[in-house]
Amino acid sequence: MQFKFHIQRYDPSSDWAPRFERYLVELDPLATVLDGLHKIQEQQDGSLCFRRSCRSAICGSCAMYINGTHRLACKTIIKSLRTKNIKVGPLPRLTIIKDLAVDMGPFFEKVERIMPYLVANSSPPKGERPQSIEERRAINEMIDCIMCGACYSACPIVGLDKDYLGPAALTKAYRFVGDSRDEGAGERLSLVNNQHGVWRCHTIFNCQKVCPKSINPTWSIQQLKKRLTRRPSWVIFGRKG
Ligand code: SF4
Ligand code: FES
């Protein structure tokens, strides 16, 4: 079956502005949008630039803006779009490197800011740090994050405040704050307790709507806020409460 791909093209080194180019592609309706992009790149235009790695919705590198919303190109079956017109653009609010590839640098810098690793300095009694099923279940959802950046791109606050940590970094923060083995909650909570952290979230829920792994970052942000307001002598914006 033939599909019409309308793909945003832009090379900042030579183009004045982004434009859409049209490609007609023969594809099985059960193929993915990523399959279509590969076919275009291999058979029609080798200069088309996009990012992908696993092709299995695991690496998070193929997040794009497809037919009006954020999706993983490798997870989007063409038939599910219910149209023969497929419009593909880069993740909004991120700087375009070329065509569909965007600069994920600021996104990952913000994830790094919240100490995205287990802090466990004490020596466990038997050399292990076991977790009960309930303790593991408490962080199950956040562990599924594949760092695709869809939630970050969909968040209007990210567009308004370039220093806002954003939904993915805050979800990662709660992934460790909520981990029964972690001993860094105090420091991590201090890192998100400012006007560019949890308090900047306006609970708009765009992040939840677009997440390809069905994660609810807004919920994690609310959990962080709860932990902060329950601290015995909590400090907000640097002032003692
Ligand atoms: S929370 Fe969801 S949308 Fe956000 S980076 Fe993780 S997987 Fe992607
Ligand atoms: S290519 Fe890895 S998530 Fe799509």
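Explain the overall build of the protein here, please?
Check the secondary structure of the protein and you find ten helices and nine strands. Of all 241 residues assigned to the protein, the portion counted as buried reaches 35%. Pairs at least 24 residues apart make up 66% of the contacts formed inside the protein by residues separated by at least 6 positions.

Explain the packing of helix H7 (residues 167–177) against helix H8 (residues 185–192) here, please?
Two quantities define a packed helix pair, namely the angle between the axes and the distance from one axis to the other. Running from N to C, H7 and H8 cross one another at 160°; their axes reach a closest spacing of 10 Å. Viewed along their axes, H7 and H8 adopt a mutual orientation that is roughly antiparallel. The crossing of H7 and H8 is left-handed. Residues Leu 170, Ala 173, Phe 176 and Val 177 of H7 lie in contact with H8, whose contacting residues are Ala 185, Arg 188, Leu 189 and Val 192. Residues belonging to the contact of H7 with H8 are distributed by class as follows: seven nonpolar, no polar and one charged.

How do you make sense of the pairing of strand S3 (residues 63–66) when you look at a structure like this?
One face of the sheet, then the other: side chains in a regular strand alternate in exactly this way. Bridge analysis of S3 against strand S4 (residues 69–72) gives four bridges, and the strand direction is antiparallel. Across the sheet, residue Ala 63 finds its bridge partner in S4, namely Leu 72. Counted along the chain from S3 to the antiparallel partner S4, the turn is two residues long, and its residue Asn 67 has a positive phi close to 45°. Of the pairings in the sheet, the one linking S3 to strand S5 (residues 85–89) comprises two bridges and is antiparallel in character. Bridging from a neighbouring strand, Ile 66 pairs with Val 88 of S5.

Just to check I follow, could you spell out the nonpolar core for this structure?
The nonpolar side chains of soluble globular proteins are, as a tendency, buried together. Membership of the largest hydrophobic core comes to 57 residues, with the highest contact counts inside it found for Phe 5, Met 64, Cys 151, Leu 170, Ala 173, Val 192 and Leu 224. Per-element tally for this core: the top contributor is H7, with seven residues. Counting contributing residues per domain, this core is built from domain 1 (2–102) and domain 2 (105–240), each supplying no fewer than three. Discounting chain neighbours no more than four positions away, the residues touching Leu 170 are Leu 165, Val 192, Val 198, Pro 217, Ser 220, Ile 221 and Leu 224.

What is the right way to read the domain arrangement of the protein from this model?
By a widespread convention, an interface's size corresponds to the accessible area lost as its parts come together. For the protein, the assigned domains read domain 1 (2–102) and domain 2 (105–240). Just the C-alpha atoms count here: the centres of domain 1 and domain 2 sit 30 Å apart. Domain 1 puts 14 residues into the contact, and the matching count from domain 2 is eleven residues. For the side of domain 1 that touches domain 2, the per-class residue count stands at eight nonpolar, three polar and three charged.

The rules we used
- Residues numbered from 1 in each chain as written.
- Chains lettered and ligands numbered in written order.
- Predicted model: local features only at pLDDT ≥ 70, side-chain atom pairs only at ≥ 80, totals over all residues.
- Helix = DSSP H or I, 4+ residues; strand = E, 2+ residues; numbered from the N terminus.
- Buried ≥ 20, exposed ≤ 12 C-beta atoms within 10 Å, placed from the backbone.
- Contact = placed C-beta atoms within 7 Å.
- Axes fitted to C-alpha atoms, helices over the stretch in contact; angles between N-to-C directions.
- Parallel < 35°, antiparallel > 145°, perpendicular 65-115°, else oblique.
- Left-handed = near helix turned anticlockwise from the far one by under 90°.
- Nonpolar A, V, L, I, M, F, W, Y, C, P; charged D, E, K, R; others polar.
- Pairing = 2+ DSSP bridges.
- Core = buried A, V, L, I, M, F, W, Y, C linked by C-beta atoms within 7 Å.
- Domains from an automatic or database assignment.

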